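Residue-level structure breakdown
If you want the building blocks of each chain, they are given just below.
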Amino acid sequence: MSLLRRIEKGGNGDGENDESQSADESKLAAMRQRRQVVSDVSRPGGRASDNSYMDLKTRVQNKLLSELDQTMDISQRAQVRTHIEELFNSILADESLVLSRNERQRLFEAIVADILGFGPLEILLADDTITEIMVNGPKNVFIEQKGLITRAPVTFDDEEHVMRIIERIVAPLGRRVDESSPIVDARLPDGSRVNAIIRPLALCGPTITIRKFSKKPLTVDDLIRFGSMTKEIAEFLRACIIGRLNIIVSGGTGSGKTTLLNVLSSFIPNNERIVTVENAAELQLRQEHVVTLESRPANIEGKGMISIQDLVVNCLRMRPDRIVVGECRSGEALDMLQAMNTGHDGSLTTAHSNSPRDTLARLEVMCLMAGMDLPVRAIREQIASAVDLITHQDRLRDGSRKVVKITEIQGMEGDVITMSDIFEFEQTGIEGGKIIGRIRPTGLRPKFIDRIEASGIHLPPSTFGIGRSNY
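Residues numbered from 1 in each chain as written. Predicted model: local features only at pLDDT ≥ 70, side-chain atom pairs only at ≥ 80, totals over all residues. Heavy atoms only, no water.

Re the environment of Ile241
Summarising the element assignment, Ile241 is placed in helix 9 (residues 231-242). In sequence terms Ile241 and Pro269 are 28 residues apart; their C-alpha atoms lie 9.0 Å from each other. When sequence neighbours within four positions are dropped, the list of residues in contact with Ile241 reads Ile247, Leu264, Phe267, Ile268, Arg322 and Leu348. (Helix = DSSP H or I, 4+ residues; strand = E, 2+ residues; numbered from the N terminus. Contact = heavy atoms within 4.5 Å.)

Now the structure itself:
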């Protein structure tokens, strides 16, 4: 009969003394506690279960870290994982913990994710259907799939756990996050954009927002398949890029501006020198001759900051054929317009706005943020001369992302910048919660069509919805 069975029956039957019985009872209590922990691990969901699982995970993980060789090269993930698994099995045996295969695998993967990866985020980052991850403190994690936001089936242990993951993300980039610098922008190794904000600014605890990028960059064919644009619009935009038009991709947050900018950049000929300027390098250009520049925040002493504006000014000295700015947010807009007006045709950038007309208004404000005391008319003349086309992307109510307007900047009439829509999205109805419609030509021929034809591309009149007699 096992020790546990004998104690539960009230003794070992051999008239042991009180001291022996007390020792057996202590063993029984330890066994029951261990059995309860194992039981709780196999029954996830409740508060007691969460606490017991957390205690077990912390205990095993701490012991594993104390025995792990700190000089190991963690970049050799396969070897480190094998070594961790050996130690993990040894620790479970020493602890006399008997777990089912699923429980053991769940615990092992959680510990490996904490040591080598990004903890509970690993399973979400591996899911290609997830486009956004939002961590609102340790117990509230949300995801976006197919444009809809739902709660994720993962949590962190506590706020300290979230902080460890944030530090693991930003440390390789030479950035920091603490009470003196509680906001940080970063990126993951795959280029996914990360924003983190912590206490005392984030009252609900450390908050992480990750804009995931596809492991395989989306192509123009993907956008056509998704319904974001039509084949005719793709050909038109390709012609505009080759014709070296200056283009601004506008839209709201999460509308797909960076994705569209990435697709447009893929149309740039492979024999041109491209310089990209970003806050966090996330563009995935496939051309051979690409120079990637990334801004840098100030150090702990408040020195050493290199802004987007500084990089735009510097890249003009780098002999670029094309300048691609990830996003204009402030005074760099003026330097970008100057570049567009001084021989750097074919430049691309993005800007937050609600419409093409709002984009022009935002450009004016951003130019004023450069600190120059310029009259508004001078700024508008710079915009009208520099920008040729605005491609406006929107995230519709059903979560789909579409190009809703393509607008030409024609020039100035008095103090007003004149514009004309070349394509616009027309909604025809709603079916099964999905917005039905199409982006159609307005019938207007853009004035810059001569520049496109000069580059050797001839678009059929039907592209703009006009007959050959009107062309």
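Comments concerning the pairing of strand 15 (residues 434-441)
Looking at chain direction, strand 14 (residues 416-431) and strand 15 are connected through eight bridges and run antiparallel. Each residue of the ladder has a partner; that of Phe425, found in strand 15, is Ile439. The turn joining strand 14 and strand 15, which pair antiparallel and follow one another in sequence, is formed by two residues; a positive phi near 60 degrees is taken by Gly432. (Pairing = 2+ DSSP bridges.)

Structural notes on the pattern of salt bridges
All told, the structure shown has 20 salt bridges when counted by the stated rule. Note that Glu272 is salt-bridged to Arg244, the shortest N-O span being 3.2 Å. Of this pair, Glu272 sits in the loop between helix 10 (257-265) and strand 8 (274-278) while Arg244 is found in the loop between helix 9 and strand 7 (247-251), placing the two residues 28 residues apart along the sequence. For Arg244, a relative accessible area of 26% translates into the label partly exposed. Asp450 is the partner of Arg445 in a salt bridge, and the nearest nitrogen-oxygen pair spans 3.8 Å. Under the relative-accessibility criterion, Arg445 is labelled partly exposed at 37%. Salt bridges sharing common partners tie together Glu144, Arg395 and Arg401. (Salt bridge = Lys/Arg side-chain N within 4 Å of Asp/Glu carboxyl O. Buried < 20%, exposed > 50% of the residue type's maximum accessible area, 1.4 Å probe, protein only.)

A few points about the confidence of the model for the protein
Do not read the fine detail of predicted coordinates wherever pLDDT is low. On average, residues of the protein score 82 in pLDDT, and 85% of them are at 70 or above. Below a pLDDT of 50 lies the segment residues 1-17, which in the model reaches 17 contacts outside its immediate sequence neighbourhood of four places, other chains included. (pLDDT = per-residue confidence, 0-100.)

Observations concerning the packing of aromatic side chains
The final tally for this structure, using the stated rule, is four aromatic pairs. These aromatic residues form a ring-pair network of at least three members: Phe236, Phe423, Phe448 and Phe464. (Phe/Tyr/Trp six-rings, centres within 6.5 Å; stacked < 30°, edge-to-face > 60°.)

A look at the sheet that holds strand 8
Pairing within the open sheet is mixed, and its nine strands lie in the order 9-8-10-11-7-12-13-14-15. Each edge of the sheet is formed by a strand with only one pairing partner; in this case those strands are strand 9 (290-294) and strand 15. For this sheet, the mean inter-axis angle between neighbouring strands, taken without regard to orientation, is 25 degrees. Here strand 8 pairs with strand 9 via five bridges, running parallel. Bridge pairing in strand 9 links Ile274 to Val290. (Axes fitted to C-alpha atoms, helices over the stretch in contact; angles between N-to-C directions.)

A look at helix 12 (residues 332-340)
Counting buried residues along helix 12, eight of its nine residues qualify, which places the element largely inside the surrounding structure. Along helix 12, the residues that are buried comprise Glu332, Ala333, Leu334, Asp335, Met336, Leu337, Ala339 and Met340. Where helix 12 is buried, its residues meet helix 11 (308-315), strand 10 (322-325), strand 11 (348-352), helix 13 (356-368) and helix 14 (376-386).

Examining unusual backbone geometry
In the segment running from Arg199 into Pro200, the intervening peptide bond is cis, with an omega of 10 degrees. Take Pro200: it is sitting in the loop between strand 5 (193-197) and strand 6 (207-211). The phi dihedral of Arg244 is positive, around 60 degrees, even though this residue is not glycine. Here the phi dihedral of Arg319 falls at roughly 55 degrees; this positive angle occurs in a residue that is not glycine. With relative accessibility at 56%, the residue Arg319 sits in the exposed group.

A look at the nonpolar core
Core analysis: the biggest nonpolar cluster contains 41 residues, and Met229, Phe236 and Leu264 have the highest contact counts within it. Of all the secondary-structure elements, those providing two or more residues to this core are helix 8 (220-226), helix 9, strand 7, helix 10, strand 13 (401-413), strand 14, strand 15 and helix 15 (449-454). Those residues in contact with Phe236 that sit more than four places away from it in its chain are Leu389, Ile406, Ile422, Phe423, Pro446, Phe448, Ile452, Leu459, Thr463 and Phe464. Grouped together as the second largest cluster of nonpolar side chains are 33 residues, Val275, Met340, Ala351 and Cys367 included. (Core = buried A, V, L, I, M, F, W, Y, C linked by side-chain atoms within 4.5 Å.)

Side note on the sheet that holds strand 1 (residues 130-136)
Strand order in the open sheet made by the six strands is 3-2-1-6-5-4, with antiparallel pairing throughout. This sheet does not close on itself; its edge strands, each paired only once, are strand 3 (148-151) and strand 4 (183-187). For this sheet, the mean inter-axis angle between neighbouring strands, taken without regard to orientation, is 15 degrees. Here helix 7 (residues 159-170) sits on the sheet and contacts strand 1, strand 4, strand 5 and strand 6; the angle it forms with strand 4, its principal contact strand, is near 55 degrees.

Digging into the side chain of Glu332
Within the secondary structure layout, Glu332 lies in helix 12. Although Glu332 is buried, it makes no salt bridge; Arg329 carries the closest opposite charge, 6.2 Å away. Within the local environment of Glu332, its side chain forms a polar contact with the backbone nitrogen of Arg329, the two atoms lying 2.6 Å apart. Polar side-chain contacts of Glu332 include one of 3.0 Å to the side chain of Ser330. With residues up to four places along the chain from it excluded, the contact list for Glu332 reads Ile308, Gln309, Val312 and Glu327. (Lys, Arg positive; Asp, Glu negative; His and termini not counted. Polar contact = N/O pair within 3.5 Å; in protein donor to acceptor, adjacent residues only side chain to side chain.)

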